[in-house]
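Summary of structural features
Spelled out from the first residue to the last, the chains are:
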Amino acid sequence: LPFDVGYKVMKFLPIKMMCEALKEVYRAKQVHDGVGHAAKLFPNAYLVMIIIGTVKGNGDAFMRLLDRLARGLWTPEGIEFLRPAFATKSSVVASAVFVLHKKTDLISAPASCVHLIIIIFFVYFKILGISDPLLPLENIFKKIFLGGIFDTLQETFYGKPEESEEAAKQES
């Protein structure tokens, strides 16, 4: 197009926000469809439903690994399972909510309301540009379940543990 009209139109903020919102609506649909397909194939496998919903919701990140592997640019840091992006984390949460709604009585809202809440969750955090709203929950989980709270309590009451002589020699 002359004078990069297409680029200028897509960089116009209202158009860009609308496209990002539509992308997140489609992501919610993909997660819902993935959970639905998995529920038909594996009716009692909740974890499989969550995994398939997550992969359908954020398939780009998982396919990127295979793409890099085929091109010879594979790095261990690029694996989505080791350092998931917010899109992957939110797809996991959305898949879990859809599974809970579909297979249990814990969520008694109509399916359209649950779907709308997931869409609002996706769009809200995408438009605001918040990189990872789940990070505070992850930090609390790490402190409680992965030993951080016990280390802090030990340092508070007993002081820092003394280094062994071998560790001191290795540092020197």
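Everything here concerns the structure above.
Residues numbered from 1 in each chain as written. Predicted model: local features only at pLDDT ≥ 70, side-chain atom pairs only at ≥ 80, totals over all residues. Heavy atoms only, no water.

Digging into the pattern of salt bridges
With the rule as written, the count across this model stands at six salt bridges. Measuring nitrogen to oxygen at the nearest pair gives 2.7 Å for the salt bridge that ties Lys29 to Asp33. One end of the pair is Lys29 and the other is Asp33, both in helix α2 (residues 13-41) and four residues apart, which spans about a single turn. Accessibility expressed as a relative area gives 37% for Lys29, which makes it partly exposed. Taking the relative accessible area as the measure of exposure, Asp33 reaches 23% and is therefore partly exposed. Each of Lys89, Asp132 and Glu138 takes part in one network of salt bridges that share partners. (Salt bridge = Lys/Arg side-chain N within 4 Å of Asp/Glu carboxyl O. Helix = DSSP H or I, 4+ residues; strand = E, 2+ residues; numbered from the N terminus. Buried < 20%, exposed > 50% of the residue type's maximum accessible area, 1.4 Å probe, protein only.)

Focus: unusual backbone geometry
We note that Asp4 has phi near 50°; this positive angle belongs to a residue other than glycine. In this fold, Asp4 is placed in the segment before α1 (5-11). Residue classification places Asp4 among the exposed positions, given a relative accessible area of 51%.

Quick notes on the packing of aromatic side chains
A complete count under the given rule lists six aromatic pairs for this structure. Both rings, one in Phe62 and one in Phe81, keep their centres 5.2 Å apart while their planes meet at 45°; by these two values the pair is tilted. Remark: Phe81 occurs in the loop between α4 (59-71) and α5 (86-103) and Phe62 occurs in helix α4; sequence separation between them is 19 residues. Summarising the aromatic geometry, the rings of Phe86 and Phe121 are spaced 6.2 Å apart at their centres and angled 55° between planes, so their arrangement reads as tilted. With Phe86 in helix α5 and Phe121 in helix α6 (residues 111-128), this pair connects stretches of sequence that are 35 residues apart. Relative accessible area serves as the criterion here: at 15%, Phe86 is assigned to the buried category. Ring pairing ties together the aromatic residues Phe86, Phe121, Phe122, Tyr124 and Phe125, which thus form one cluster. (Phe/Tyr/Trp six-rings, centres within 6.5 Å; stacked < 30°, edge-to-face > 60°.)

What to know about the nonpolar core
Among soluble globular proteins, nonpolar side chains are generally buried collectively. Within the largest apolar cluster, 15 residues are counted, with the highest numbers of intra-cluster contacts made by Ala28, Met49, Ala94, Phe98, Ile118 and Phe122. Looking at this core, the elements with two or more residues in it are α2, α5 and α6. The greatest single-element share of this core, amounting to six residues, is contributed by α2. Ignoring sequence-local partners within four residues, the contact set of Ala28 consists of Phe98, His115, Ile118, Ile119 and Phe122. (Core = buried A, V, L, I, M, F, W, Y, C linked by side-chain atoms within 4.5 Å. Contact = heavy atoms within 4.5 Å.)

So far we have only geometry, and geometry alone does not tell us how the molecule works.
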